[in-house]
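# Report on the structure
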Amino acid sequence: NAGVTQTPKFQVLKTGQSMTLQCAQDMNHNSMYWYRQDPGMGLRLIYYSASEGTTDKGEVPNGYNVSRLNKREFSLRLESAAPSQTSVYFCASSVDRDALAKNIQYFGAGTRLSVL
Amino acid sequence: AQKITQTQPGMFVQEKEAVTLDCTYDTSDQSYGLFWYKQPSSGEMIFLIYQGSYDEQNATEGRYSLNFQKARKSANLVISASQLGDSAMYFCAMREFYNTDKLIFGTGTRLQVFP
């Protein structure tokens, strides 16, 4: 009954360091997403993947890269972390992109990242 | 441009009372979906309820119902018989059907339930 699993839960980086946030889902969903949540703001979409092997930019993609490793896993990489990337990062997944469906997105527990 | 507005930064409600959390949206699309998520202090985002723009009846899920007024572009969440465990942040979100990958979120409302 895991759903969407994110690792790590917390991370502190120094400016310029790199790291990869991991996300895995066990619901056999086709679409996966990465969001960031900043204080006083709702979630904003960074990147998404409609299916294995495809990725597309969202609203705030600068400074990030993603990899859809397989159907289950979708990772987010910060190549050179900046203080502006201090945020809470959420991974989500949904069954598909069918416009006729609810396409409910289910979220992981989040990764709290601080860049000093 | 699509936008979600939640004008109540914080709300208080007494246990067992009902509370309404406001959400208005802006879209030029005729086909869209509206969602409410709950974020407790533990941080996860929990899906609560969905309303499609063509749904004729207001959505209900247990103690949650959505007061959907299409002409006014509002989708307010009603929580009946509030419980202490309902204390959390609540986010309204919208997805336009032509743009199926993008979920637009409001800034949220913090609900506190007191005994």
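## Some details on the packing of aromatic side chains
In total, this model carries 14 aromatic pairs over all chains according to the counting rule given. Note on Phe90 of chain A and Phe107 of chain A: the rings are 6.3 Å apart at their centroids and 80° apart in plane angle, and the pair reads as edge-to-face. Placement of Phe90 of chain A in strand 9 (residues 87-94) and of Phe107 of chain A in strand 10 (residues 106-107) is noted, with a sequence separation of 17 residues between them. Taken individually, Phe90 of chain A and Phe107 of chain A each receive the classification buried, so the pair is uniform in this respect. Geometrically, the ring pair formed by Tyr37 of chain B and Phe47 of chain B is edge-to-face, given 5.9 Å between the ring centres and 70° between the ring planes. Of this pair, Tyr37 of chain B sits in strand 5 (residues 32-39) while Phe47 of chain B is found in strand 6 (residues 46-52), placing the two residues ten residues apart along the sequence. Assessed through its relative accessible area of 0%, Tyr37 of chain B is described here as buried. Among the aromatic residues, those joined into a ring-pair cluster are Tyr33, Tyr35, Phe90, Tyr106 and Phe107 of chain A together with Phe35, Tyr37, Phe47, Tyr50, Phe91 and Phe105 of chain B. The ring of Tyr64 of chain B carries Arg63 of chain B above its face, with NZ or CZ at 5.7 Å from the centroid.

## Thoughts on the side chain of Gln39 of chain B
Relative to the assigned elements, Gln39 of chain B resides in strand 5. Relative accessible area serves as the criterion here: at 10%, Gln39 of chain B is assigned to the buried category. Polar contacts involving the side chain of Gln39 of chain B include one to the side chain of Gln37 of chain A, which spans 3.0 Å.

## A closer look at the pattern of salt bridges
The full count for this structure, using the stated rule, is five salt bridges over all chains. When the shortest N-O distance is used, the salt bridge between Arg77 of chain A and Glu79 of chain A registers 3.1 Å. On the basis of relative accessibility, which here comes to 30%, the residue Arg77 of chain A falls in the partly exposed class. Between Asp86 of chain B and Arg63 of chain B there is a salt bridge, with its nearest N and O atoms 2.8 Å apart. With Asp86 of chain B in the loop between strand 9 (74-79) and strand 10 (88-96) and Arg63 of chain B in the loop between strand 7 (60-61) and strand 8 (64-69), this residue pair connects regions lying 23 residues apart in the sequence. Where salt bridges share partners, they join Arg36, Asp38 and Arg44 of chain A into one cluster.

What counts and how
- Residues numbered from 1 in each chain as written.
- Chains lettered and ligands numbered in written order.
- Predicted model: local features only at pLDDT ≥ 70, side-chain atom pairs only at ≥ 80, totals over all residues.
- Heavy atoms only, no water.
- Phe/Tyr/Trp six-rings, centres within 6.5 Å; stacked < 30°, edge-to-face > 60°.
- Helix = DSSP H or I, 4+ residues; strand = E, 2+ residues; numbered from the N terminus.
- Buried < 20%, exposed > 50% of the residue type's maximum accessible area, 1.4 Å probe, protein only.
- Lys NZ or Arg CZ within 6 Å of the ring centre and 35° of its normal.
- Polar contact = N/O pair within 3.5 Å; in protein donor to acceptor, adjacent residues only side chain to side chain.
- Salt bridge = Lys/Arg side-chain N within 4 Å of Asp/Glu carboxyl O.

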